[in-house]
Amino acid sequence: MRHPANVAVRLVDYRAPDFLIDAVALDVSLDRSATRVVSKLSIRRNPRGVPGAPLALDGDELTLIGVRLDGRALGPQEYTATPDALTLTAVPDAAFTLEIETRVDPAANTQLSGLYRSGSAYCTQCEAEGFRRITYFLDRPDVLSVYTTRIEAEKSEAPVLLANGNPGESGDLPGTGRHYAIWHDPFPKPSYLFALVGGDLGVLRDNFTTMSGREIALAIYVEHGKEERAAYAMDALKRSMRWDEEKFGREYDLDVFNIVAVSDFNMGAMENKGLNIFNDKYVLASPQTATDADYAGVEGVIAHEYFHNWTGNRITCRDWFQLCLKEGLTVFRDQEFSADMRSRAVERISDVRGLRLAQFPEDAGPLAHPVRPDIYHEINNFYTPTVYEKGAEIVRMLRTLIGDEDFRRGMDLYFERFDGAAATVEDFLSCFADATGRDLSHFALWYSQAGTPIVSIEGAYDPDAKSFALTLRQATKPTPGQPEKKPVVIPVALALFGENGEKLDLASPDARADELARGLFELSESARRIVFENVPSRPVVSLLRGFSAPVRLEPAPERADLERLLACDDDPFNRWQAAQSLALRAIFARVEAARADSPAPQAQGYVAALRTLLAGADADPAFAAQALSLPSEIDLARESGKDVDPDALFSARMGLRAEIGRALLPDAEAAYGRFFESGPYRPDAEGAGRRALRGVALDLIAAGDPQKGGALAQRQFAAAGNMTDRLSALSTLALLGGDAREDAFDAFFRQFAGDHLVLDKWFALQATIPEPSTTERVIRLMSHPDFAMTNPNRVRALIGAFANANLTRFHALDASGYDLLTRVVLELDPKNPQLAARLLSSLRAWRTLEPRRRALIEPRLRHIAAQEGLSADTRDIATRALA
Ligand code: ARG
Ligand code: ZN
């Protein structure tokens, strides 16, 4: 069991390490159950550490074989060793060499942290604290060392041997059936960036010439036979490398760049220096097996991990509290990349949707924490939407505030100043302060204060003075440990539109000239009043354009204003937002009516707006598809905020969907025909947009006329030439039910048997069917021969989809959904605590549910928290969820 003790780690307790490790020579002899690891460390005292302090190395479930100090074998009285620590009290004050031999059992490693097996390959995952599961070490990100790694293995079992850095000598060990390879990484790095791989893998090779003319050998290693499916990832990698040169002046620094795809992985991927290891979901893609969304995911994650080479590896984090320094910044960079590769507006909308789906509920519930937390019990639980996605929003706000040019100058300074260092958030901000002469101390509050600020506006038009007085206010609700909140610096992008949809020039004595020119106003106090002059008539305010800050707007604008914005706003994000807000209004009006037993109100204005959108969809089908999509049930739950009744939200949403479907049936049929794609599948943004729009049209047809929609979906399913069309048809059939649905699921399974990434879709889609029988179906699927608790993707596909995307079933009033989750979490916990804890986080918003559900959840959380021998990961989530 990891970390049985429940120790709190605090940012304020940070101390520099007492020792530094300049060089590491690892010799790893791979064996399924007894891998031998010899680690030779060049150690010296850190002048900034405590003089005379003992050398205390971290371990986790390690078996020690022996220790040598400067070549001399130490007796057992000269050190203390437990599976979790190796401590030497008497070490020389001068530099010395420590050689440690350990044994590890990769086959028994079900946590997927440290050295483990995925399929027939050996691989590693060391972030955050996995290196200590391979050998004793100062396993903290501020200890940077140069690594040389020798790997040895049975040649037939592992013909491919990879580690960080550049390849060195390799060869056979005659007469043993074994071979070896030596890798050297000249860039000092923390242990969490260490990686090695051994296995029998297929490879796709390519190369890249950098801006200074260096040739880099690129390789993506995958399961044999799937090399072709790595072609898109390779293309995305080359585009990422070029983009980082052009946009940030960052050139790649080693001679090789290797990526390995494995099918058992806790997270998305890992940026190990020169040897990225990926969940194969984010590498493998072919038209027959991957949807447009999958392709976008591959592109984004490939870019993300590649960009870490500078933001994460060359400049790393001083401690794990600074995680957002690399993750928030790197998410920002990958989002910008995707925006440049695809449509900026469409990318922004989907990034904001993602933020609201996962981060907003986290920030509003018991698991809320600052982007830079100040305390943790288990760091793996802080790889959160807050650290990643809100962290990216902070970087974006910084750029918005200081402008593109100054942002680039600040980034240049950051790379120049901190290359090779382990840095902090303060270090990062200091570069932008120095590049602009701006005081960013108030802005820095975004990193330490949790919770989503609520921004409200009040507008008063004075027809005599032809002026419009706008008052902006902000407030943030208390979060765990932070009862009192201060105002933060909020960049508010806004525009005013006149009666005929014309954009008004902004003039006001209450704003700086640059604010008026850019339409960007800083709200840094709890309120700010701006009186706009020369306003000919009552204007409509387009607020928070492009989602200029991660805040909530309350209350939503009036219906008439939203309809006007949807028609005239030149900011595509806010046009999309207007459509969403109109839908929310219509759905909540239905909820109210149902509660009062009155007939459902009709949403003519919204429906008419959708008709216009559908008719004009050809200009930008991807945008139209987003604007035509209703808010999800999770959106509805979040927006209703408290006493959430998933059943009421579901029926209101389905009611509106049917109303729209009936009203727009002819329009949807026309669009469905118009956006038919002939010709070969291409995963580009344009084709994806057309397919998305056709999918929306199919859904509308099925909503308006289930028979017609069902027949159409069956036809599309049978004739589909790519996974996007096939899955969109199957989703429609899944909602419609009956034999057609079961036949389609069977056919799908037969067609893709053995293709694990496609089967994940088969499991996930069944788990989200909003019908009472689904819980039984999920339980049945858990005994399916293709289900395995040991594979994180499969568990997430079935259980994760059920708990996160099937609100009515998961929150069923007979508690069957909660019982299922409890059972799975407890079964998983001893095997893979990280995954168990993550599944349990699906209850992050449980306190916003109506009382009956809360009363069912609370005792189950207590039951989990009370388990003896529970992992630190799951205990931490259960305890905080209950606090
Ligand atoms: N640094 C990885 C990324 O790019 C995430 C790895 C986190 N792994 C973990 N077990 N906590 O996002
Ligand atoms: Zn990352």
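Residues numbered from 1 in each chain as written. Chains lettered and ligands numbered in written order. Predicted model: local features only at pLDDT ≥ 70, side-chain atom pairs only at ≥ 80, totals over all residues.

**Some remarks on the overall build of the protein chain**
So, step 1. The number of helices and strands found in the protein chain is 28 helices and 31 strands.
So, step 2. If one aligns the C-alpha atoms of the protein chain with their principal axes, the spans along those axes are about 90 × 65 × 60 Å.
So, step 3. Across the 883 residues in the protein chain, those meeting the buried criterion constitute 49%.
So, step 4. Intrachain contacts of the protein chain at a sequence separation of at least 6 include 70% that bridge at least 24 residues. (Helix = DSSP H or I, 4+ residues; strand = E, 2+ residues; numbered from the N terminus. Buried ≥ 20, exposed ≤ 12 C-beta atoms within 10 Å, placed from the backbone. Contact = placed C-beta atoms within 7 Å.)

**Description of the environment of R657**
So, step 1. In this structure, R657 sits in helix α15 (residues 646-663).
So, step 2. Residue class for R657 comes out partly exposed when judged on the 19 C-beta atoms lying within 10 Å of it.
So, step 3. C-alpha separation for the pair R657 and T479, spaced 178 residues apart in sequence, amounts to 36 Å.
So, step 4. In this view, R657 contacts L630 and A703; residues no more than four positions away in its chain are not counted.

**What to know about the packing of helix α4 (residues 344-364) against helix α11 (residues 572-595)**
So, step 1. Packing of α4 against α11 brings their axes to within 9 Å, and their N-to-C directions diverge by 45 degrees. On the basis of the axis angle, α4 is oblique to α11. The way α4 lies across α11 gives a crossing that is right-handed. Contacts between α4 and α11 involve A345, R348 and I349 from the first element and P572, F573 and W576 from the second.
So, step 2. Looking at the contact of α4 with α11, its residues break down into five nonpolar, no polar and one charged. (Axes fitted to C-alpha atoms, helices over the stretch in contact; angles between N-to-C directions. Parallel < 35°, antiparallel > 145°, perpendicular 65-115°, else oblique. Left-handed = near helix turned anticlockwise from the far one by under 90°. Nonpolar A, V, L, I, M, F, W, Y, C, P; charged D, E, K, R; others polar.)

**Considering the sheet that holds strand β27 (residues 490-497)**
So, step 1. Taken together, three strands build an open sheet; the order of strands is β28-β27-β30 and the sheet is antiparallel. In the strand order of this sheet, the two ends are held by β28 (520-523) and β30 (540-543), each with one partner. Shown here is a sheet whose adjacent strand axes are inclined to one another by a mean of 40 degrees, direction ignored.
So, step 2. Bridge analysis of β27 against β28 gives four bridges, and the strand direction is antiparallel. Across the sheet, A493 pairs through a bridge with L520, a residue of β28. (Pairing = 2+ DSSP bridges.)

**Remarks on the nonpolar core**
So, step 1. Core analysis: the biggest nonpolar cluster contains 250 residues, and V283 and L798 have the highest contact counts within it.
So, step 2. Counting residues per element, this core draws most heavily on helix α17 (residues 685-704), which supplies ten residues.
So, step 3. With near-sequence residues (within four places) excluded, L798 lies in contact with F763, A764, A767, V778, L781, M782 and F787. (Core = buried A, V, L, I, M, F, W, Y, C linked by C-beta atoms within 7 Å.)

**Topic: the domain arrangement of the protein chain**
So, step 1. Considered domain by domain, the protein chain is made up of domain 1 (1-101 + 138-190), domain 2 (318-435) and domain 3 (454-549).
So, step 2. For domain 1 and domain 3, the distance between their C-alpha centres works out to 56 Å. (Domains from an automatic or database assignment.)

**Considering the pairing of strand β5 (residues 63-69)**
So, step 1. Across six bridges, the pairing between β5 and strand β9 (residues 96-104) is antiparallel. If you follow V67 over to β9, its bridge partner there is I100.
So, step 2. With two bridges joining them, β5 and strand β6 (residues 72-73) adopt antiparallel strand pairing. Across the sheet, residue L69 finds its bridge partner in β6, namely R72.
So, step 3. Between the end of β5 and the start of β6, which pair antiparallel, lie two residues, with D70 showing a positive phi angle near 45 degrees.

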